[in-house]
Amino acid sequence: MSLWEYANPKKFTETVTPLIPWVLGLAAICLVASLIWGVFFTPEDYRQGATVKIIYLHVPSALMAINAWFMMLVASLIWLVRRHHVSALAAKAAAPVGMVMVLIAIATGAIWGKPMWGTYWAWDPRLTSFLILFLFYLGYMALWAAVDDADTAADLTSVLCIVGSVFAVLSRYAVLFWNQGLHQGASLSLDAEEHVADVFYYPLLVSIAGFVLLFLGLVLLRTRSEIALRRAAALDRRAEARAAATTGEPA
Amino acid sequence: MTGPVLRVAGLCVARGGRRLVEGVSFDLAPGHALILRGPNGIGKTTLLRTLAGLQPPEAGEITGAEEAAYASHADGVKAALTVTENLAFWAELYGRELDSAVLTTFDLAGLAERPAGTLSSGQRRRLGLARMAAIGRRLLLLDEPTVSLDAASVARFGHWLAEAHLGGGGMAVIATHIDLGLEAPALDLSAFRASAEAAPAGGDEAFL
Amino acid sequence: MRALLLRDLRLAVRAGGGFGLGLAFFLIVVVLVPFGLGPDRALLSSIAPGMLWVAALLAALLTLDRLFALDHEDGALPLLATAPLPLEGLVAAKAAAHWLTTGLPLTLAAPLLGPLLALPPGAWPWLLASLAIGTPALSLIGTFGAALTIGIRRGGLLLSLIVLPLYVPTLIFGAEMARRGAAGLPIGAALPMLAALTLGCLALLPFAAAAALRVNLR
């Protein structure tokens, strides 16, 4: 029994349908627990005060924004190499979720940035990279929406995802280079993950687990819907072909 | 000019996620032509595109179609270039010199320096067909070559096809409803229409 | 490949549109900038290299949707695809034709437009060099985007949406090189990075674009 068996759409749907409520339920528990723990039961930061607590939304969403793109890259490669439809549809399903994660990360970052840096937006390398990532998500989703034939769309978006990944990494380094050219170092940037104390760290881990589960649950849910849509279209086409065969008209 | 036989075995082609024809098999020896017939939408164009290598077959095998040249409904004529420039481009792309006899054969000599944009549709079609002579490939895949041609031009084209191309050991698969004056067997694709119960095309199969 | 390149160049010059349009657009953007920012020479001079780069990038973008669309409309594309020229070669020829009709004229015109934005004369060679090295990457990336969006009705906007984020690294390195040159600073890593980017695009993107083309012709 191989893992690829789950690449069959029917088998995939049968397997994940009972799992989805559990995954989403667990995600809700993790998120609620980490937020209550983080907001009410951790001390205020000596420098940042209560504003530090937005970290429980900001860091996990930023993490998932990047991981979602990475997942799409892997799914696209699997589609191009092994032609499993579930893989292509999972990449399609993940894109809007990833884009929302980028938006959450940017929005919470702006809210956090105002009290800390005195501005909602700065052309800091990390912020800029996220803005570029947002544009990549937009282009990817627009291409999916624009192409009519499902397999053609899957092929084209996969190629775009691979080329886009290379350019996303390039942009990241280019932006670092560009900003150092303007300011002296990244003094404005907050390396939150690297400098958080243990009191903040454990609830943060729970919150990250919550976001991972939320992402997983949403992607499974959306992939299942995409499979159902493809199946409906395929059934339509077969019905049309049968109707044409009985009347003798060419399809 | 002799070469490999075009051999098609058990070919199935699909368009728009639907299988059109299946089990198409034929052999075509050098010096011979095959006429494809069948009602609109049966899959003549798709079959020719598959033979040309533009799309993969759903099933079946094609051998001996390496040196093929494809002519679609559209002529691919550039309006801003003259008739000669259009032909010279295609000839050069296929690594050949443009033989000016081609212009005479297709009655284009008087139009040689006219920009292709000023041609009538029948004249443009003649230019599209002259392209096939200019590039000199062994296997011609022609999709409705006689659309908008007058009777004299059809006869002229049929004559070129029979004498120069097939006579020189070339091959041709032609989708047409018109008698080109060729001695060629006809293959009616309606006999190969894919049954509704056949496995659905491409991606659909996985979802049913 | 040579035949295709010559044909595309001839078409670009004859049809009139493709060749002059990008240059005219470049000129207009550069003229509009001072209207938006005011005629202060110090301000204009400080933004001139970056502004000229952004304007050149937008002008290069403008002519991309004609790249395959014209051949797609008149049915020449499947005929080209069945020719003995590999699709990668077709893509490379198309990108080269686009650069020769857009990138190269823009590069040569940029120093001429420099005075409008009070570009210091010492910056001219750097601007010229950065555009000469960077614009081939713009043409190659644009060809890839155009290959992705061939069959799409009104694909122009989608093409911009896909291509512009891919232009970010080229713009950053190119404008940085021109800016440092203009300010008399050492050029540093910008020049080798820009050159590496263009060479990388040249080596890899024709394959990606040919793959997209193959899918779209199916």
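Residues numbered from 1 in each chain as written. Chains lettered and ligands numbered in written order. Predicted model: local features only at pLDDT ≥ 70, side-chain atom pairs only at ≥ 80, totals over all residues. Heavy atoms only, no water.

- As named in an unreviewed UniProt entry, chain C is Heme exporter protein B, taken from Pseudoroseicyclus tamaricis.
- Here is the UniProt Subcellular location (unreviewed entry) comment for chain C, exactly as written: "Cell inner membrane".
- In its Sequence similarities (unreviewed entry) section, the UniProt record describing chain C reads: "Belongs to the CcmB/CycW/HelB family." (UniProt positions renumbered as here; feature names shortened; annotations may be inferred.)

### Overview of the overall build of chain C
Then, number 1: In terms of helices and strands, chain C carries ten helices and zero strands.
Then, number 2: Along chain C, from the amino end to the carboxyl end, the secondary structure elements read α-α-α-α-α-α-α-α-α-α.
Then, number 3: Taking 218 residues into account, the globule formula puts the C-alpha radius of gyration at 17 Å, and chain C, at 18 Å, falls close to it.
Then, number 4: By principal-axis analysis of the C-alpha atoms, chain C measures approximately 55 × 35 × 30 Å. (Helix = DSSP H or I, 4+ residues; strand = E, 2+ residues; numbered from the N terminus. Rg over C-alpha atoms; globule rule 2.2 N^0.38 Å.)

### With respect to the interface of chain A and chain C
Then, number 1: Counting from both sides, the interface comprises 27 residues of chain A and, opposite them, 28 residues of chain C.
Then, number 2: Taking both sides of the interface into account, the surface hidden between chain A and chain C amounts to around 2,300 Å²; carbon and sulfur atoms contribute 82%.
Then, number 3: The three residues of chain A that bury the most area against chain C are Leu156, Phe167 and Phe177 of chain A, which together make up 27% of that side's buried surface.
Then, number 4: On the surface where chain A and chain C come into contact, there are one salt bridge.
Then, number 5: Its salt-bridge partner being arginine 218 of chain C, residue aspartate 155 of chain A comes within 3.0 Å of it at the nearest N-O pair. (Contact = heavy atoms within 4.5 Å. Buried area = accessible area lost by both parts, 1.4 Å probe. Salt bridge = Lys/Arg side-chain N within 4 Å of Asp/Glu carboxyl O.)

### Some remarks on the packing of aromatic side chains
Then, number 1: For the structure on display, the rule yields nine aromatic pairs over all chains.
Then, number 2: An angle of 85° between the planes, with centres 5.5 Å apart, marks the rings of tryptophan 121 of chain A and tryptophan 123 of chain A as edge-to-face.
Then, number 3: Assessed through its relative accessible area of 28%, tryptophan 121 of chain A is described here as partly exposed.
Then, number 4: Relative to tryptophan 160 of chain B, the ring of phenylalanine 157 of chain B lies with its centre 6.2 Å away and its plane at 25°, an arrangement referred to as stacked. Separated by three residues within a single helix, phenylalanine 157 of chain B and tryptophan 160 of chain B lie in helix H5 (residues 151-166), roughly one turn from each other.
Then, number 5: Judged by relative accessible area, which is 10%, tryptophan 160 of chain B ranks as buried.
Then, number 6: In textbook terms, an aromatic cluster arises when at least three aromatic residues are bridged by ring pairs, as seen for Trp69, Phe136, Tyr137 and Tyr140 of chain A.
Then, number 7: Sitting over the face of the ring of tryptophan 79 of chain A, arginine 83 of chain A holds its NZ or CZ atom 4.2 Å from the ring centroid.
Then, number 8: One cation-aromatic arrangement involves arginine 131 of chain B over tryptophan 90 of chain B; the distance from NZ or CZ to the ring centre is 4.7 Å. (Phe/Tyr/Trp six-rings, centres within 6.5 Å; stacked < 30°, edge-to-face > 60°. Buried < 20%, exposed > 50% of the residue type's maximum accessible area, 1.4 Å probe, protein only. Lys NZ or Arg CZ within 6 Å of the ring centre and 35° of its normal.)

### Focus on helix H1 (residues 9-16) of chain A
Residues and elements named next belong to chain A.
Then, number 1: Along H1, the residues that are buried comprise Pro9, Phe12 and Val16. For H1, the buried positions fall inside an angular range of 60° around the axis, keeping them on one side.
Then, number 2: Two to three positions downstream of the cap, the backbone nitrogen of lysine 10 sits 2.8 Å from a side-chain oxygen, assigning the N-cap of H1 to asparagine 8. (Arc of directions from axis to C-beta. Polar contact = N/O pair within 3.5 Å; in protein donor to acceptor, adjacent residues only side chain to side chain.)

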